[in-house]
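Given next are the chains, with one letter for each unit.
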Amino acid sequence: MNIAGISRYVTLTLFAGVMAFQASAQENEEATGFVVDEIISKVDNYIVLKSDLDRLYQDQLTNGRPPGQQLRCQLMAMLIRNKLMMAKAEIDSVMVLDAEVDANTQRRMDMILSQSGRSPDELEELYGKPLEQIRSELRDQVREQMIVNKMEGVMTDGLVVTPAEVRRFFSKIPKDSLPYFSASVEVAQIVKIAKVSEDQKNITRTELVALRNRLLAGEDWATLAKKYSSDPSVITNGGDMGWSGRGRMVPEYEATAFRLKPNEISMPFESPFGFHVMQLLERRGNEYHSRHILISPKPSESDLAKASKNLDSIRTLIVNDSIKFQKAAKEFSDDVETKGNGGFFSDANGGIRLMVDELDPVVFFKLDSMQIGDVSHPIVYRTDDGKDAVRILFYRSRVAPHQASLEADWSRIQDATLNEKKDRILQKWFQKARKDVFISIDDAYDYCGILDE
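A quick note: this is a predicted structure, and the numbers were derived from the prediction, not measured. (Residues numbered from 1 in each chain as written. Predicted model: local features only at pLDDT ≥ 70, side-chain atom pairs only at ≥ 80, totals over all residues. Heavy atoms only, no water.)

> Teacher, can you tell me more about the overall build of the chain here?
The helix and strand inventory of the chain stands at 17 helices and 13 strands. Each of the 453 residues in the chain was classed as buried or not, and the buried ones make up 44%. Pairs at least 24 apart in sequence give 69% of the contacts found in the chain among residues at least 6 apart. As displayed, the chain offers around 24500 Å² of accessible surface, 51% of which is attributable to carbon and sulfur atoms. Looking at the chain, you have 59 positive and 69 negative side-chain charges, and the mean spots of the two groups are 6 Å apart. (Helix = DSSP H or I, 4+ residues; strand = E, 2+ residues; numbered from the N terminus. Buried < 20%, exposed > 50% of the residue type's maximum accessible area, 1.4 Å probe, protein only. Contact = heavy atoms within 4.5 Å. Areas by Shrake-Rupley, 256 points an atom, 1.4 Å probe, with all protein chains shown as cover. Lys, Arg positive; Asp, Glu negative; His and termini not counted. Charge placed at Lys NZ, Arg CZ, Asp CG, Glu CD.)

In structure tokens form, the structure reads like this:
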């Protein structure tokens, strides 16, 4: 994997691991009295820490990269180039919107909390810092990655590779160095999200009316929000949504905010996310500060049965060859990410042939009971955003474990070729842009030759 490929691979999902590393480092420092981290590079006002490099290096080893100085140098170069992009972004006034940074930070924070399996108090104890400090540090990383992505996007916009370039790239790989790929599959789905009945909605409205009465009686908003709200951000904000401008929230929420008087608590109202009660705290011009409690109504067994029956009728049409699976997915599926792709799951680069270890484990185990060409019966499951749904799977093809070849792995080799081409462009940019800023690298990394012409 070249530097450009690594840069796209190293995402902020590593944040939890970095935090764990820092927590461990803090314990070691307290126990020994020695400093366990150090600055290994400075790019204008930006720094690269040794812990940054160590964490990425270990992650690459975990994912099968061979150890050695070459890998460490590649990662070092990537970290320095990212900091150079940040410095140049300041000079060139390249910015990202605070609202987008905040939204991405919140999604990442929610992911960290849900994947850790720990309570907010336990995370604070583990990392030795309050959640707001963790959020602030995460926000800095999110902002940096967004700016780096924007800078890279501008420099490589419209870049493509020809079939001849792909073949030349592949022919340069020594036969004994060709990667060995695990089994890969093509799998598609059609999803029907269970439609919540009016009876279930009325149950939710009644629950929120009862909560509203408790709030009016003086119970603590954050306490009730953390106990009852379906909004995952409630773990860190207690339902307080902060200041928002027009267009930041869904129309139903925004309309209610501008209709309320300061400190007034709304009656339950519906949005695409469920039912809310909201309190308007302050308003100034076109901005407002609010807090809310959200309850998403759950479909009943009857609601799920209706979705399953609907999907089963679609399956019958497919099995009887009255409609192709891909066409049915585009017309009937409720899953936005896959329906435009004929229902097929795809990787980060848009390829529809996935390594089996990239599949959702539930899908992976379901395929064990299916044959190539099968369309499964409806399966009840929960979507990534927590909605109860039903889906059918289409098992189109499988390629056994094999050594890389142009015939079986064209899209993957094409992606590698494109990444190498992008890397050359970014490297040329680095050599030119580094003259505009101050860069220093610890002498221990002179062997990498990062600043060589």
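From this point, the narrative continues.
> Hey, could you run me through the pattern of salt bridges in this one?
Any two side chains of opposite charge can pair, given that their charged atoms come close. Counted according to the given criterion, the structure contains 24 salt bridges. Across the pair Glu-144 and Lys-83 runs a salt bridge whose closest N-O atoms are separated by 2.9 Å. With Glu-144 in helix H7 (residues 131-156) and Lys-83 in helix H4 (residues 69-91), this pair connects stretches of sequence that are 61 residues apart. For the pair formed by Glu-144 and Lys-83, the shared burial category is buried. Residue Asp-388 pairs with Arg-382 through a salt bridge whose shortest N-O separation is 2.9 Å. On the basis of relative accessible area, Asp-388 is assigned to the buried category, the value being 14%. Each of Glu-198, Lys-201, Arg-205 and Glu-270 takes part in a single network of salt bridges with overlapping partners. (Salt bridge = Lys/Arg side-chain N within 4 Å of Asp/Glu carboxyl O.)

> I tried to follow the environment of Val-187 on my own but got confused; where do I start?
Structurally, Val-187 can be placed in strand E4 (residues 184-193). Along the backbone, Val-187 and Gly-373 are 186 residues apart, and their C-alpha atoms lie at a distance of 9.9 Å. Residues in contact with Val-187, not counting those within four places in the same chain, are Gly-343, Phe-344, Phe-345, Val-363, Leu-367, Leu-393, Phe-394 and Tyr-395.

> Got a minute to help me understand a negative patch on the surface in this structure?
Negative charge collects at one region of the surface, where Glu-337, Asp-360, Asp-384 and Asp-385 lie side by side. Turning to its location among the elements, Asp-360 is positioned in the loop between strand E9 (354-355) and helix H16 (361-367). (Patch = residues over 30% accessible without salt bridge, like charges linked within 9 Å, V, L, I, M, F, W, Y side chains within 5 Å.)

> Got a minute to help me understand the sheet that holds E4 in this structure?
In a beta sheet, neighbouring strands pair by backbone hydrogen bonds and run either parallel or antiparallel. If you trace the 4 strands from one edge of the open sheet to the other, you get E9-E4-E11-E10, paired in antiparallel fashion. Only two strands of the sheet have a single partner each, and these edge strands are E9 and strand E10 (379-382). With 4 bridges joining them, E10 and strand E11 (residues 388-399) adopt antiparallel strand pairing. Its bridge partner being in E11, Arg-382 is matched across the sheet by Asp-388. Here helix H14 (residues 325-332) sits on the sheet in contact with E4 and E11, set at roughly 35° to E4. (Pairing = 2+ DSSP bridges. Axes fitted to C-alpha atoms, helices over the stretch in contact; angles between N-to-C directions.)

> Please explain unusual backbone geometry as it appears in this structure.
Note: most peptide bonds trans; most residues except glycine with negative phi. One non-glycine residue, Asp-44, adopts positive backbone phi at about 50°. Tracing the backbone shows Asp-44 in the loop between strand E1 (39-43) and strand E2 (46-49). Even without a glycine there, the phi angle at Asn-263 is positive, about 75°. Here Asn-263 lies in the loop between helix H12 (251-259) and strand E6 (269-271).

> So what exactly am I meant to see when it comes to helix H13 (residues 301-319) here?
One full turn of an α-helix is made of 3.6 residues, so residues set three or four places apart face in the same direction. Between its terminal C-alpha atoms H13 stretches 26 Å, which fits the 27 Å expected from 19 residues at 1.5 Å a residue. Packed against the buried residues of H13 are E4, helix H9 (198-216), H14, E10 and E11. Downstream of H13 by one or two residues, Asp-321 has phi in the positive range, about 65°. (Expected span 1.5 Å × (residues − 1).)

> Help me understand the pairing of E10, please; the structure alone is not making it clear to me.
Two faces make up the sheet, and in a regular strand the side chains alternate between them. Only one face of E10 is covered, namely the one carrying Ile-379 and Tyr-381; the face carrying Val-380 and Arg-382 has none of its residues buried. Hairpin connection of E10 to E11: 5 residues between the antiparallel strands, including Gly-386 at a positive phi of 85°.

> How do you make sense of the packing of aromatic side chains when you look at a structure like this?
How two aromatic rings sit relative to each other is set out by the distance from centre to centre and by the angle between their planes. In the structure shown here, the tally under the stated rule is 5 aromatic pairs. Pairing Phe-258 with Tyr-288 gives two aromatic rings, centres 5.2 Å apart and planes at 75°, and the pair type is edge-to-face. Note that Phe-258 is positioned in helix H12 and Tyr-288 in strand E8 (residues 287-295), a separation of 30 residues in sequence. A relative accessible area of 21% places Phe-258 in the partly exposed class. Grouping aromatic residues by their ring pairs yields a cluster made of Phe-325, Phe-344 and Phe-394. Over the ring of Trp-243 we find Arg-284; its NZ or CZ atom is 3.6 Å from the centre of that ring. (Phe/Tyr/Trp six-rings, centres within 6.5 Å; stacked < 30°, edge-to-face > 60°. Lys NZ or Arg CZ within 6 Å of the ring centre and 35° of its normal.)

> Even after reading the chapter, I still don't get the nonpolar core, so can you show me in this structure?
Most often, soluble globular proteins keep nonpolar side chains buried together rather than apart. Within the largest apolar cluster, 45 residues are counted, with the highest numbers of intra-cluster contacts made by Met-76, Ile-80, Leu-84 and Ile-450. Here the element with the most residues in this core is H4; it accounts for 13 residues. With residues up to four places along the chain from it excluded, the contact list for Met-76 reads Ile-40, Ser-41, Leu-53, Ile-441, Tyr-445 and Ile-450. If you look at the next biggest cluster of nonpolar residues, it comprises 17 residues, including Ala-307, Ile-314, Ala-328 and Phe-344. (Core = buried A, V, L, I, M, F, W, Y, C linked by side-chain atoms within 4.5 Å.)

> I keep staring at helix H10 (residues 221-228) and nothing clicks. Help me out?
Residues of H10 that are buried: Trp-221, Leu-224 and Ala-225. Projected onto a plane normal to the axis of H10, the buried residues spread over an arc of 100° and lie on a single side. With respect to the buried face of H10, the exposed residues turned more than 90 degrees away are Thr-223, Lys-226 and Lys-227. Buried-residue contacts for H10 involve H9, helix H11 (234-237), strand E7 (274-284) and E8. Sitting at the amino-terminal end of H10 is Asp-220, which places a side-chain oxygen 3.4 Å from the backbone nitrogen of Ala-222. (Arc of directions from axis to C-beta. Polar contact = N/O pair within 3.5 Å; in protein donor to acceptor, adjacent residues only side chain to side chain.)

Read these as geometric descriptors, not functional statements.
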